[in-house]
Each structure stands twice: as C-alpha cells, then as structure tokens.
Protein chains: 2
Amino acid sequence: MQSRSLGSKREKAERLLRKHNLKVTVPRLSVLSVISEKETATSQPDLEKVLGKSVDRVTLYRVLNVFEEKGILHKIFDLHGTATYALCSEECPEHIHSEDHVHFTCSKCNSVYCLNEVTIPTIETPIGFRVDAVGINAVGICAQCQSKVN
Amino acid sequence: MQSRSLGSKREKAERLLRKHNLKVTVPRLSVLSVISEKETATSQPDLEKVLGKSVDRVTLYRVLNVFEEKGILHKIFDLHGTATYALCSEECPEHIHSEDHVHFTCSKCNSVYCLNEVTIPTIETPIGFRVDAVGINAVGICAQCQSKVN
DNA sequence: TTAAGTGCAAAATCTTTGCAAATGT
DNA sequence: ACATTTGCAAAGATTTTGCACTTAA
C-alpha cells in the first residue's frame, strides 16, 4: 500500500519530466518531491535547506530554471523579492507563465499560497495598454499564522 | 517663469523630506528628481545609470531604503524580480506599503506603471485567510511599445 | 556644534559560467 | 555510445557593513 503510493508519486514525477524531454535524475526528482509535498511555494534557499548537500546549489539553480522554462514550475516573488516556485496546475505553455491564479502572501511567515479556486476579475486599464495577464497577490495573514496568534 | 517652476519643484521635494525628518541633501534631491520625472517606476540600476558617479552606489541603496521605510517611495518588483521604486501617491503610513493601486508591467520594455485611477476589486480567499491588501499587476504591452511595433 | 548622512573599501550574498566527470537513455 | 546533466571552482553581480570624513540644521 505504502510502496504503491510512493511508486505512483515517483512515476508521476517521471512522467512529468519525460513529457518535457528532461532526463530523470536524482536532483530533479528531489526538487519535485519537495515542492509537491508543500502547500506553499518554495524558494531556492528553502530547497537548499531541505535537500542539504545532497544536491549542489548550482544544480538547484539550473533545475529550477529548466523547470520554469519548460512550464513545470512557475515563479512568484515573495514580499522580500525572493523568487519562489510552485507547480503549474495544468499545462503551461513554455515561457508564458501568465499567472492564471491568485496568490496569497502571508506577511507574517512570508509563505506564498496559490489559490487556484479564486477567480480573477477583469482589470480596466488606460487606453493604449494591452493586458495579456493579470497577476493578483493578496497580502495578509494565513490560516496557520492566525491560529498560532491565539 | 522657468526658474519659478524649477524652484517650486525643488521646494516640494524639500518639504517632502522635512516632513519625514530627513535632511535635505544632494543625493536625496537627485533621487527624488529623477523618480518624479519618470512616468514609470525606477530601479536602482536605472538610477545609477542616470545619476552616474555623482551619487555613490551605496548611498543610492541607503536613500532608497530610507525613502521606502518612511513611505515616500513604494517598492514594486518587475518581471525579472528587480526592485523598482515609485512615489507614493498620498500619505503612506510608514512600513505599511500595501499597494493601494494597480500596477502595469510591460513585458516588452519591462517598465512598471502605477495606475492610480484603476479600482481594486475585492478578492475572495479561503476560510482562515485574512486579507489586508491586494496587489494587482497587469502584464501586457504598454502604450509606448504598442505604437513602436507599428 | 553635533547628529545625520555620505563615500570609500571591504565583506557578505546571490547567481552565473566553464569545464571535466558522471549519468540516463 | 553519446548527448545531457551534474558538481566543483571560479567569476560576476548584487547588496550590506564599518568607519572616517563631510554636511545640514
């Protein structure tokens, strides 16, 4: 039972990599594993902390870049301007990562959540501006931090 | 006529500095001058390019940081994650720079515009999330770039 | 006069690049 | 076997810190 679910999780990751013509390697699987585990977007420093020296820092940068280029991950900047990465919900066309969902950033723990359910409103812009995508970032206190405050 | 308008512009900057208990210095006036001149948000590298070596790079960082802390400027990250700065429209309470207006980022020239006229819609979030501010960034092609494409 | 602000040098980060060795298909 | 990917070392870029000198009030 357990080995089955682990297997399928890994197989899913392998399929994802192969679909994008990427070889299945240890660093890539590790990164996918950590990121898919977490509810919030993950930064390079976070990944480095979790993975330790099992994965070289440079490799980490390269893995994240490839994943973003291929549309496996999308990049969001947190309140401090640090890049964080989250799995793209569906098929992202390569290089066009118009954020198609709302992000929530907690000003207390600095976590970035992807809120796929929330609908994005239309934005009116001045004449002459062509809008291709609308990125929305709600800033506040996340559920976790709110309950901790008590 | 010309000297009058120049004078009032500088006086305005001086008043702004004094209001925040900041001394009126050459680097600070230079930064304010450049930023208030431009329609789009300005990055540190941009400022460095414009100001040349008349202002030390370290001073530039410090001026921008103080201005942000005091609520004179607000910080926006462009599509590459580079910090850009724009004048706060009205009185920003210190340290609380909830972006109270919509930003537009041009994916061609990478400029960030502050659209003060556009109203911000309310965003529904999952239960347990407290929203304090909503940041909206419309991405597309700005008026300038559109006309150049022709 | 004196606290605040600047400029320089140097440290600390963060990110990228080049290349030889290792790995996946 | 061969192209890809990795890891290390080193370069490049960005941002911060410490401290003596300068400047605004």
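Bear in mind that the values here come from a model prediction, so they are computed numbers and not experimental data.

J.: Which residues make up the overall build of chain A, and what are the values?
T.: Assigned secondary structure in chain A consists of five helices and six strands. Starting at the N terminus and ending at the C terminus, chain A contains elements arranged as α-α-β-α-α-β-β-β-β-β-α. Long-range contacts, defined as pairs at least 24 residues apart, comprise 54% of the intrachain contacts of chain A with a sequence gap of at least 6. Accessible area for chain A stands at about 8,700 Å²; split by element, carbon and sulfur atoms hold 51% of it.

J.: Just give me the short version of the protein's contact with DNA strand C, but keep the residues and values in it.
T.: Taken together, 18 residues lie near DNA strand C, and Tyr61(A), Thr25(B), Arg28(B), Thr59(B) and Arg62(B) sit nearest. Restricting the count to atoms of DNA strand C within 4 Å of the protein gives a sugar and phosphate share of 62%. Within the side chain of Arg18(A), one N or O atom sits 3.1 Å away from a phosphate oxygen of DNA strand C. The side chain of Lys23(B) places a nitrogen or oxygen atom 3.3 Å from a sugar or linking oxygen of DNA strand C. The dominant element in the surface near DNA strand C, judged by the number of residues it contributes, is helix 4 (residues 57–70) of chain A, at five residues. Its residues assigned to classes, the surface near DNA strand C comprises six nonpolar, four polar and eight charged.

J.: Tell me about the environment of Pro45(A), and please be specific about residues and values.
T.: All names here are of chain A. Mapping Pro 45 onto the fold places it in helix 3 (residues 44–51). Judged by its relative accessible area of 36%, Pro 45 falls in the partly exposed class. Sequence separation between Pro 45 and Ile 120 is 75 residues, and the spatial gap between their C-alpha atoms is 30 Å.

Scoring rules and cut-offs
- Residues numbered from 1 in each chain as written.
- Chains lettered and ligands numbered in written order.
- Predicted model: local features only at pLDDT ≥ 70, side-chain atom pairs only at ≥ 80, totals over all residues.
- Heavy atoms only, no water.
- Helix = DSSP H or I, 4+ residues; strand = E, 2+ residues; numbered from the N terminus.
- Contact = heavy atoms within 4.5 Å.
- Areas by Shrake-Rupley, 256 points an atom, 1.4 Å probe, with all protein chains shown as cover.
- Near = heavy atom within 4 Å.
- Polar contact = N/O pair within 3.5 Å; in protein donor to acceptor, adjacent residues only side chain to side chain.
- Nonpolar A, V, L, I, M, F, W, Y, C, P; charged D, E, K, R; others polar.
- Buried < 20%, exposed > 50% of the residue type's maximum accessible area, 1.4 Å probe, protein only.

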